[in-house]
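If you want the building blocks of each chain, they are given just below.
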Amino acid sequence: GGGAGAGEEDQGQNAQWRQDARLARQNALMDVVKCVVCWTLGAFFLAGIAWAIAHWTVSLAVPPHVVAPWWVLLGFMPVWFAEPLLQRSAAGLYLRGTCGQGPLSLCPTSPT
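The residue count restarts for each chain, going from 1 along the sequence in the order it is written. Given that this is a predicted model, residues contribute local features only at a pLDDT of at least 70 and side-chain atom pairs are listed and counted only at 80 or more, while totals for whole chains, interfaces and linings are drawn from all residues. By convention in this description, side-chain values take in all heavy atoms of the structure and omit both hydrogens and water.

**Looking at the overall build of the chain**
Across its full length, the chain carries two helices and zero strands. With a 1.4 Å probe rolled over the protein chains alone, any residue whose accessible area is under 20% of its type maximum counts as buried; one over 50% counts as exposed, and the rest are partly exposed. Residues classed as buried in the chain amount to 12% of the 112 residues present. Two residues form a contact once any of their heavy atoms are found within 4.5 Å. Considering only residue pairs separated by 6 or more positions, the chain has 59% of its internal contacts joining residues 24 or more positions apart. Surface accessibility in these figures is a Shrake-Rupley result with a 1.4 Å probe; residues are shielded only by whichever protein chains are displayed. Here the chain displays about 8400 Å² of accessible surface, and carbon together with sulfur accounts for 70% of that area. Helical segments are the DSSP runs of H or I of at least four residues, strand segments are the runs of E of at least two, and each set is numbered from the N terminus.

**Concerning unusual backbone geometry**
Positive phi is not limited to glycine here, since Ala61 has a value of about 50°. Within the fold, Ala61 resides in the loop between helix H1 (2-59) and helix H2 (64-91). Residue class for Ala61 comes out exposed when judged on its relative accessible area of 62%.

**Here we look at a nonpolar patch on the surface**
Patches in this entry comprise residues that are over 30% relatively accessible and not in a salt bridge; like charges within 9 Å are linked, as are nonpolar side chains (Val, Leu, Ile, Met, Phe, Trp, Tyr) within 5 Å. Note on definitions: salt bridges are taken to be side-chain nitrogens of Lys or Arg within 4 Å of carboxyl oxygens of Asp or Glu. A contiguous nonpolar surface patch, about 1000 Å² in accessible area, is contributed by Trp56, Leu60, Val66, Trp70, Val72, Leu73, Phe76, Met77, Trp80 and Phe81. The element contributing the most residues to the nonpolar patch is H2, with eight residues.

**Notes on the confidence of the model for the chain**
Per-residue confidence from the predictor is reported as pLDDT, a score between 0 and 100. In the predicted model, the chain carries a mean pLDDT of 75, and 68% of its residues have values of at least 70. Contacts for the low-pLDDT stretch residues 97-105, under 50 throughout, to residues beyond four places or in other chains number 14 contacts.

In structure tokens form, the structure reads like this:
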């Protein structure tokens, strides 16, 4: 009597755990895709800015002392923002209010 009910309950809990784990993997994969898209768009944006500065410099024959601050800014800003952005994307984008369930229980406040 009681053993069969307990076995069915264990199977139900196991099925729920598998479903939660699958959902966590899907959410993690969606976060990875979003990270890759964001980083790719950022790289193309920076490359576009570099091309625009170079084009502006050559076509208008702008002296180096006028263009230098723009090149410094273009080189400095990605380095300045890279560390926090890499930390954020390495821990997950944390877009849904929870980082995951089951085997992927990451928390934005802990490094693990």
